Amino acid sequence: MPLSGGNVTSLDAGSNLTVAADRGNDRISLPVMQPEVLGYSHHAYLFTIGSPNPSYDNWLGHHYVQLWCPADFAENRDTHFDFYWDTHYKGYYWLKTLKLSREAIAKFPGILEFLLHRLLQGWYVILYVDEYYIPDRPFTLRTHFYHEIMIYGFDRSTRTFDTAGFNARGIYGYQTVSFDELVVAYQEVPIVPDAEFANAYLIQAKPDAGYPADLDETIEMMKDYLFSRNTFERRNGHLLSLMDSGGASSGPYEYHYRSFQSKRSYVFGLRAYQELIRYLALLEHKMTSADIRPFHILREHKQCQLRRIRYFEAQYGIGREEGWPEQALGLWNLSDLVCKYMLKYQLTNDKRILSKCEQKLIELLNAESALLLKVLERLTAVYLEGSRNS
Amino acid sequence: MNLMENVRQLIVEASEGAVSPDQVLRAGDRLTDLGLDSLAVIKLIVLIEENYGIELDIEEAENRQLLHSLSRLCEYLHMEAGLPQP
């Protein structure tokens, strides 16, 4: 099947609600915005939906605090250095999410009808497709690779869907994909029960969702990050104990037990910097391949941190006199510099650049821990004072 | 070919289509305004290093705003790398 060479428009930083909703039976294009976090598509898609709801700012001020990576991240390029997240596409307060199996979708007359119907109802759809058949993607016509695509609109007259994702150059943006291409790409994904790619997600922004900020949990999460505590164990300890005592290591819950067990050995928070440094050392000795994505995530983490510190200033009146927002901006600048060094390394293979990266990572780690210690102390005081007054 | 023209060609090459070969660049043009994203700017740094046999550290380039504009870049290459005046 010839590919249409879909039209890609990259998103400008800071752009907001770039596509207006145009409801009708023949065409719809749901609102999308420049994502706050786009290092990996599972973040980018949700933040592309975003929300005009004020609770979105409130929520973001208290989330995207923690980082994690598997213990073998440095050696294993199939693993992710990422923001900590509990469940796939869930837990985002401003969004309503439905998870559907392929069997449930199969009850519709066809995937095309399913998509058109759900889009007309105002749902964004995230489903797994074989990227081999999607034009201008990293694996187009090269490798069969199952990956999520987000669909936010369609036009019957041109028989195209509006989709978001990473193009062949790794740039996140918008792309039109023909009905035929998308249907084939969906149908070519094998049906494997329990596999993540067997699921699809319907997502909507909740216009009236109020977010009750949980400062206590935010403080705990910041402690997790600063002191490299295992957030997964802290939040799921009761389940882990139940599984341990209930003999879940075999039988029907074995898969979940193994998944839970593996997360006990993850590296969390500031200690994850050591994994990046270990990764650089392996890269220097050509024992692994260059991958800029972890450094993008690190930069986005500093961006979220800057946003959070500005939020704390606005919400709790802390940090302005001490210049915390400026210091947080300085941390972002350092992380941006590390990203640029890594880009240069990818272009030149000059090993000296890796030493500069390591030096800047250590500088960033030291400056960040010093700032966060102060923030945490003041924030805890704010929380205790609030508790006494309530 | 003078320094300004040579750098202009490198910008066109680094931009991968954002700056067309026949586009007229002015000395005061900001590189970001020309549509160069961060990857293109790093490519430009690498091309400058390869073409002029110099080392241009990213941090130094940012601190001294060497990539702020075409004229600023040419001025740096003239002063620091001893290339003929633009």
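Rules and cut-offs
Residues numbered from 1 in each chain as written. Chains lettered and ligands numbered in written order. Predicted model: local features only at pLDDT ≥ 70, side-chain atom pairs only at ≥ 80, totals over all residues. Heavy atoms only, no water. pLDDT = per-residue confidence, 0-100. Helix = DSSP H or I, 4+ residues; strand = E, 2+ residues; numbered from the N terminus. 1 Å grid on protein atoms, 1.4 Å probe; cavity = no way out; pocket = protein on both sides within 12 Å on 5 of 7 lines; lining within 4 Å. Points joined across faces, edges and corners; volume = space filled by probe spheres on them. Buried < 20%, exposed > 50% of the residue type's maximum accessible area, 1.4 Å probe, protein only. Contact = heavy atoms within 4.5 Å. Pairing = 2+ DSSP bridges. Polar contact = N/O pair within 3.5 Å; in protein donor to acceptor, adjacent residues only side chain to side chain. Axes fitted to C-alpha atoms, helices over the stretch in contact; angles between N-to-C directions. Parallel < 35°, antiparallel > 145°, perpendicular 65-115°, else oblique. Nonpolar A, V, L, I, M, F, W, Y, C, P; charged D, E, K, R; others polar.

Chain B appears in an unreviewed UniProt entry as Carrier domain-containing protein from Cohnella lubricantis.

The next point concerns the confidence of the model for chain B. Put simply, chain B has an average pLDDT of 87, and 97% of its residues get 70 or more. Considering each helix and strand of chain B separately, the mean pLDDT is smallest for helix H4 (residues 70-81) of chain B, with a value of 88, and largest for helix H2 (residues 38-52) of chain B, with 94.

Sizing a probe to match a water molecule and rolling it over the atoms shows the empty space that remains. For the structure on display, the rule yields four cavities of 30 Å³ or more. Roughly 40 Å³ of internal volume is contained in the largest cavity. Looking at the largest cavity, the residues that line it are Tyr341(A), Lys344(A), Asp350(A), Arg352(A), Ile353(A), Lys356(A), Glu55(B) and Asp57(B). Mapped onto the lining of the largest cavity, the elements with two or more residues apiece are helix H11 (324-348) and helix H12 (351-389) of chain A.

Our next topic: helix H2 (residues 54-62) of chain A. For an α-helix the count is 3.6 residues per turn, leaving residues at separations of three or four pointing the same way. All names here are of chain A. Counting buried positions along H2 gives seven out of nine residues, so the element sits mostly inside the fold. Every buried residue of H2 is listed here: Ser55, Tyr56, Asn58, Trp59, Leu60, Gly61 and His62. On the buried face of H2, the contacting elements are helix H1 (41-49), helix H6 (215-226) and helix H10 (293-316). Where H2 terminates, the next one or two residues include Tyr64, which has phi positive at roughly 55°.

Attention now goes to the confidence of the model for chain A. Averaged over chain A, the pLDDT score is 88; the fraction of residues at 70 or greater is 90%. A low-confidence stretch, residues 1-23 of chain A stays under pLDDT 50, and its non-local contacts, those more than four residues away or across chains, total 63 contacts.

Residue and element names in this part refer to chain A. Read from one edge to the other, the open sheet built from three strands follows the order S4-S3-S11, with strand pairing classed as antiparallel. Only two strands of the sheet have a single partner each, and these edge strands are strand S4 (82-83) and strand S11 (267-268). In this structure, strand S3 (residues 67-69) lies alongside S11, joined through two bridges in antiparallel fashion. Across the sheet, Trp68 pairs through a bridge with Phe268, a residue of S11.

All names here are of chain A. Residue position: Thr48 is located in helix H1. Side-chain polar atoms of Thr48 contact the backbone oxygen of Ala44, separated by 2.6 Å. Setting aside anything within four residues of it in sequence, one finds Thr48 in contact with Pro31, Val32, Met33, Pro35, Met150 and Tyr172.

Let's shift gears to the packing of helix H9 (residues 272-284) of chain A against H12(A). All names here are of chain A. At a minimum axis distance of 10 Å, the contact between H9 and H12 shows a crossing angle of 175°. Taken together, the axes of H9 and H12 are roughly antiparallel relative to one another. Residue-level contacts link Tyr273, Gln274, Leu276, Ile277, Leu280, Leu283 and Glu284 of H9 to Lys351, Leu354, Cys357, Glu358, Leu361, Ile362, Leu364, Leu365 and Glu368 of H12. Broken down by class, the residue content of the contact of H9 with H12 amounts to 11 nonpolar, one polar and four charged.

Time to look at the pairing of strand S6 (residues 124-130) of chain A. All names here are of chain A. The element S6 is largely enclosed, with a buried count of seven among its seven residues. Going residue by residue along S6, you find Tyr124, Ile126, Tyr128 and Asp130 tucked away on one face and Val125, Leu127 and Val129 tucked away on the opposite face as well. Looking at chain direction, S6 and strand S10 (residues 199-205) are connected through four bridges and run antiparallel. Bridging across to S10, Tyr124 finds its partner in Ile203. Sheet topology places S6 next to strand S7 (residues 146-155); six bridges connect them, and they run antiparallel. Bridge pairing in S7 places Tyr128 opposite Glu148.

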